[in-house]
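Fold and contact review
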Amino acid sequence: MTKNRIVYLDILRVLCCFLIVCMHSPMPSDNAISWFNGGLSFLTSPGLVLFFMISGALVMPVKTDTWTFLKKRLTKVAVPTLFFIAVHLIIKAIKGVETNWLQTIVSIPFAVSGHGVLWFCYTLVGLYLAAPIVSRWLQNVSPKELEFYLLIWVVTLCYPILKRFIGVNDGTTGMMYYFTGYLGYFVLGYYLHHYPNRLLLWLLLLLSVVAIAAKFGVSYMGFHDDSTGIFYYLSLPVAIIASTMFVAAQKMIKTNENNARTIEKCGGILTSNLSFGIYLVHIIIMLEVVKEMPFVIDIHNYIMQTIVITFLTYLLSWLLAYFISWIPGSEFVIGFHQKKKNK
């Protein structure tokens, strides 16, 4: 039964999956539209950090002993990641991609291997390792204290902007170095989930409009931001939009048994359970199948081609993840195993 489901988090996971697929969909081409790709990358970036926020909301505070928690979580993330690293390396071997195999294999615990898209999995494992430590603090902190430390993290999100005007030490000797990174999203998810009425949705919506206008305004003026700049994952604009989406889903979708049953009938919860599997398989489906389809290649309208790639990839990735979920041991492949319902 779905009574223990947190419905708005299920919906957010489905949305995150779609946004990530959409982010990777533009075809490398001489016909690429720079403003479209830049805008799409920015508008879909919140999808990935929302995954970290959802994880923080779900797992913290950790209520079991450390070893039980890590065994459960790492089985669902680290083992499937290793499986797909192997899949990507096999694909490279079949294609004859020149690779230092010994160095690649030895580097697996320390650096992203197989395909760059798996960096998310490495980061998530790191957050799970930190979760039991942070949880001890969260169990004893007041909302205002938590907000104070989140504010410090928000200041670090402004570094890409501040560095354009003043000197900023964002290295290991920086005063706020230990408050940087994706752990902030992890804690932010916990905060928004457990203190749902402390951020005003209308204010977040207003700030999101300003952030989007700023992005397209900067692009219109001819300034191009790099991958570590003011409109990327660890930036204030992306954090604002991700928080807006989180709070909007929270307020629009009431968590009750009737809603859970309705969403289950529509396949929403099933899709949510498959979200990690969709993430793992989508880049293979996209690169090896969808982007190789002749009719997709022959679409001359670049924006329409991106839309077609997005929906085809999402559909095929869902089908593959769903099929895998019925195979014994699928929890070690996509982090989820489908159980037959008792009649």
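Residues numbered from 1 in each chain as written. Predicted model: local features only at pLDDT ≥ 70, side-chain atom pairs only at ≥ 80, totals over all residues. Heavy atoms only, no water.

1. Examining the overall build of the protein chain
Helix and strand content of the protein chain: 15 helices and zero strands. Summed over its atoms, the accessible surface of the protein chain is roughly 18,200 Å², and 66% of this surface lies on carbon and sulfur atoms. (Helix = DSSP H or I, 4+ residues; strand = E, 2+ residues; numbered from the N terminus. Areas by Shrake-Rupley, 256 points an atom, 1.4 Å probe, with all protein chains shown as cover.)

2. Focus: the pattern of salt bridges
The final tally for this structure, using the stated rule, is four salt bridges. Across the pair Asp 10 and Arg 13 runs a salt bridge whose closest N-O atoms are separated by 3.1 Å. One end of the pair is Asp 10 and the other is Arg 13, both in helix α1 (residues 7–23) and three residues apart, which spans about a single turn. A salt bridge links Glu 147 to Arg 198; its shortest N-O distance comes to 2.4 Å. Remark: Arg 198 occurs in the loop between α8 (183–194) and α9 (201–220) and Glu 147 occurs in helix α6 (residues 143–157); sequence separation between them is 51 residues. Under the relative-accessibility criterion, Glu 147 is labelled partly exposed at 25%. On the accessibility criterion, Arg 198 (39% relative accessible area) is partly exposed. (Salt bridge = Lys/Arg side-chain N within 4 Å of Asp/Glu carboxyl O. Buried < 20%, exposed > 50% of the residue type's maximum accessible area, 1.4 Å probe, protein only.)

3. Details of unusual backbone geometry
In this structure, the amide linkage connecting Met 60 to the following residue, Pro 61, adopts the cis form with an omega of 0°. Position of Pro 61 among the secondary structure elements: in the loop between α2 (34–59) and α3 (66–95).

4. As for the confidence of the model for the protein chain
Mean pLDDT over the protein chain: 87, with 90% of residues reaching 70 or higher. Within the protein chain, the element-level pLDDT minimum falls on helix α11 (residues 257–265), averaging 54, and the maximum on α8, averaging 95. (pLDDT = per-residue confidence, 0-100.)

5. A few points about a nonpolar patch on the surface
Together, Leu 200, Trp 202, Leu 203, Leu 206, Leu 207 and Val 210 make up an exposed nonpolar region whose accessible area comes to about 580 Å². Topologically, Leu 206 is positioned in helix α9. (Patch = residues over 30% accessible without salt bridge, like charges linked within 9 Å, V, L, I, M, F, W, Y side chains within 5 Å.)

6. Description of the packing of α1 against helix α10 (residues 236–252)
Two numbers describe how α1 lies on α10: the axes approach to 9 Å, and their chain directions differ by 140°. Taken as axis vectors, α1 and α10 run oblique relative to one another. The two elements α1 and α10 meet at a crossing, and its hand is right-handed. Along the contact surface, α1 presents Tyr 8, Leu 9, Leu 12, Leu 15 and Leu 19, while α10 presents Met 245, Phe 246, Ala 249 and Gln 250. The residue makeup of the contact of α1 with α10, split by class, is eight nonpolar, one polar and no charged. (Axes fitted to C-alpha atoms, helices over the stretch in contact; angles between N-to-C directions. Parallel < 35°, antiparallel > 145°, perpendicular 65-115°, else oblique. Left-handed = near helix turned anticlockwise from the far one by under 90°. Contact = heavy atoms within 4.5 Å. Nonpolar A, V, L, I, M, F, W, Y, C, P; charged D, E, K, R; others polar.)

7. Comments concerning helix α5 (residues 119–138)
End to end, α5 covers 27 Å across 20 residues, agreeing with the expected 28 Å (1.5 Å per residue, within 8%). At Ala 131, α5 shows its largest kink, close to 45°, and the proline Pro 132 lies no more than four residues downstream. Listed in full, the buried residues belonging to α5 are Phe 120, Cys 121, Leu 124, Val 125, Leu 127, Tyr 128, Ala 131, Pro 132, Val 134, Ser 135 and Leu 138. Buried positions along α5 lie against α2, α3, α6, α8 and α13 (275–288). (Expected span 1.5 Å × (residues − 1). Bend = angle between axes of the 7 residues up to and from the residue.)

8. Comments concerning the nonpolar core
Counting residues in each nonpolar core, the largest one holds 93 residues, and the members touching the most others are Met 60, Phe 120, Tyr 185 and Phe 246. Counting residues per element, this core draws most heavily on α2, which supplies twelve residues. Not counting the four nearest positions on each side in its chain, Tyr 185 is found in contact with Val 49, Phe 52, Met 53, Trp 153, Tyr 233, Leu 234, Ser 235, Val 238 and Ala 239. (Core = buried A, V, L, I, M, F, W, Y, C linked by side-chain atoms within 4.5 Å.)

9. A closer look at the packing of α5 against α8
Geometrically, a packed helix pair is captured by the angle between its two axes and the distance between the axes. Running from N to C, α5 and α8 point in directions that differ by 50°, and their axes come no closer than 11 Å. Taken together, the axes of α5 and α8 are oblique relative to one another. You can see that α5 and α8 cross each other, and the crossing is right-handed. Packed against α5, whose contacting residues are Leu 127, Tyr 128, Ala 130, Ala 131, Val 134 and Leu 138, the element α8 presents Leu 183, Phe 186, Val 187 and Tyr 190 at the interface. Of the residues belonging to the contact of α5 with α8, the class tally is ten nonpolar, no polar and no charged.

10. Here we look at α1
Helix length check: α1 (17 residues) gives 25 Å between terminal C-alpha atoms against 24 Å at 1.5 Å per residue, within 8%. Of all 17 residues that make up α1, 13 are buried, and the element is covered over most of its length.

11. Let's talk about the side chain of Thr 104
With respect to the helices and strands, Thr 104 occurs in helix α4 (residues 101–107). Classification of Thr 104 as buried rests on a relative accessible area of 16%. Of the polar contacts made by the side chain of Thr 104, one reaches the backbone oxygen of Asn 100; its length is 2.9 Å. Residues in contact with Thr 104, not counting those within four places in the same chain, are Leu 89, Thr 99 and Ser 113. (Polar contact = N/O pair within 3.5 Å; in protein donor to acceptor, adjacent residues only side chain to side chain.)

12. Quick word on the environment of Leu 192
Relative to the assigned elements, Leu 192 resides in helix α8. In this structure the C-alpha to C-alpha distance between Leu 192 and Gly 56, which are 136 residues apart in sequence, comes to 9.8 Å. With residues up to four places along the chain from it excluded, the contact list for Leu 192 reads Met 53, Leu 199, Ser 243, Phe 246, Val 247 and Gln 250.

13. A closer look at the packing of aromatic side chains
Each aromatic ring pair is characterised by the separation of its centres together with the angle its planes make. Using the criterion set out here, one finds 26 aromatic pairs in the structure. Each member of the aromatic cluster is reached from another via a ring pair, and the members are Phe 51, Phe 52, Trp 119, Phe 120, Trp 153, Tyr 182, Tyr 185, Tyr 232, Tyr 233 and Tyr 279. (Phe/Tyr/Trp six-rings, centres within 6.5 Å; stacked < 30°, edge-to-face > 60°.)

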